[in-house]
Amino acid sequence: MTETNFIRGDNLAAVRGERILFASLSVTLKPTDVVFLRGKNGAGKTTLLRQLAGLTQPQSGRIERSKPHHWIGHTNGLKAHETPRKHLQHWARVWKSSADISLVLKLMGLERPADVPA
């Protein structure tokens, strides 16, 4: 594939209990792609996204990612006992960023609540 940034899943399958959620599913996603998944509750939508993000392994098939990716799920991901400053410090470490957290807080308008639990 010539695209330098992509996620590709080939022949993916997911099983929950005795039920096959999906099988023989293949997908290639580029940074400009938009994905719209529809289906009933329990159909495997979140399972597929978690597989593509690398959070779970497919029952069968193979997933290739050209670069590391991050998962942003349907919940906000904030820890109620941590502050915006602590959250930004955490992600700066995860992403190996040397960003000035105080400047980021200022740019986001979060100087006053920077040390108030989320």
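Because the structure is a prediction, the values reported are computed rather than measured.

Quick notes on the rules
Residues numbered from 1 in each chain as written. Predicted model: local features only at pLDDT ≥ 70, side-chain atom pairs only at ≥ 80, totals over all residues. Heavy atoms only, no water. Helix = DSSP H or I, 4+ residues; strand = E, 2+ residues; numbered from the N terminus. Buried < 20%, exposed > 50% of the residue type's maximum accessible area, 1.4 Å probe, protein only. Contact = heavy atoms within 4.5 Å. Polar contact = N/O pair within 3.5 Å; in protein donor to acceptor, adjacent residues only side chain to side chain. Patch = residues over 30% accessible without salt bridge, like charges linked within 9 Å, V, L, I, M, F, W, Y side chains within 5 Å. Areas by Shrake-Rupley, 256 points an atom, 1.4 Å probe, with all protein chains shown as cover. Salt bridge = Lys/Arg side-chain N within 4 Å of Asp/Glu carboxyl O. Phe/Tyr/Trp six-rings, centres within 6.5 Å; stacked < 30°, edge-to-face > 60°. Core = buried A, V, L, I, M, F, W, Y, C linked by side-chain atoms within 4.5 Å.

Chemist: Explanation requested: unusual backbone geometry in the structure shown.
Modeler: Residues other than glycine predominantly adopt negative phi, and peptide bonds predominantly adopt the trans conformation. If you check the backbone angles, Asn11 has positive phi at about 60° while not being a glycine. Relative to the assigned elements, Asn11 resides in strand S1 (residues 7-16). Judged by its relative accessible area of 46%, Asn11 falls in the partly exposed class. One non-glycine residue, Lys96, lies in the positive phi region at around 55°. The class of Lys96 is exposed, set by a relative accessible area of 75%.

Chemist: Is there a simple way to explain the side chain of Gln51 in this structure?
Modeler: With respect to the helices, strands and loops of the structure, Gln51 is situated in helix H1 (residues 45-53). Non-local contacts of Gln51, meaning those with residues more than four positions away in its chain, are made with Leu12, Ala13, Ala14, Phe22, Thr56, Gln57, Pro58, Gln59, Ile63 and Arg65.

Chemist: Please explain the side chain of Thr83 as it appears in this structure.
Modeler: Among the structural elements, Thr83 can be located in the loop between strand S3 (60-65) and helix H2 (84-94). Taking the relative accessible area as the measure of exposure, Thr83 reaches 11% and is therefore buried. At 3.4 Å, the side chain of Thr83 and the backbone oxygen of Ala114 are in polar contact. Residues contacting Thr83, with those up to four places away along its chain left out, are Ala114, Asp115, Val116, Pro117 and Ala118.

Chemist: Explain a nonpolar patch on the surface to me, please; I cannot follow it from the model alone.
Modeler: Taken together, the side chains of Val35, Leu37, Leu49, Leu55 and Trp71 make up a nonpolar region of the molecular surface, amounting to roughly 400 Å² of accessible area. By the secondary structure assignment, Leu55 is in the loop between H1 and S3. Judged by its relative accessible area of 42%, Leu55 falls in the partly exposed class.

Chemist: It is not clear to me how the packing of aromatic side chains should be interpreted in this structure. Could you clarify?
Modeler: For any pair of aromatic rings, the description consists of the separation of the ring centres together with the inter-plane angle of the planes. Within this structure, the stated rule accounts for 1 aromatic pair. On the basis of an interplanar angle of 35° and a centroid distance of 5.4 Å, the ring pair of Trp91 and Trp95 is categorised as tilted.

Chemist: In this structure, what is going on with the nonpolar core? I would like to understand it.
Modeler: As a rule of thumb, nonpolar side chains are buried together in soluble globular proteins. The biggest cluster of nonpolar side chains holds 9 residues, and these are Ile7, Leu12, Ala14, Leu21, Phe22, Leu29, Leu48, Leu52 and Ile63. Elements with a contribution of two residues or more to this core: S1, strand S2 (19-29) and H1. Setting aside its immediate chain neighbours within four residues, Ile7 contacts Val27, Thr28, Leu29, Leu52, Ile63, Glu64, Arg65 and His69.

Chemist: Looking at this structure, I do not really get the pattern of salt bridges. What am I missing?
Modeler: Once the charged atoms of two side chains with opposite charge are near each other, the side chains can pair. For the structure on display, the rule yields 4 salt bridges. Across the salt bridge formed by Glu64 and Arg8, the nearest N and O atoms sit 2.7 Å from each other. In this pair, Glu64 sits in strand S3 while Arg8 sits in strand S1, placing the two residues 56 residues apart along the sequence. Here Glu64 falls in the partly exposed class, since its relative accessible area comes to 26%. Its salt-bridge partner being Arg62, residue Glu64 comes within 3.6 Å of it at the nearest N-O pair.

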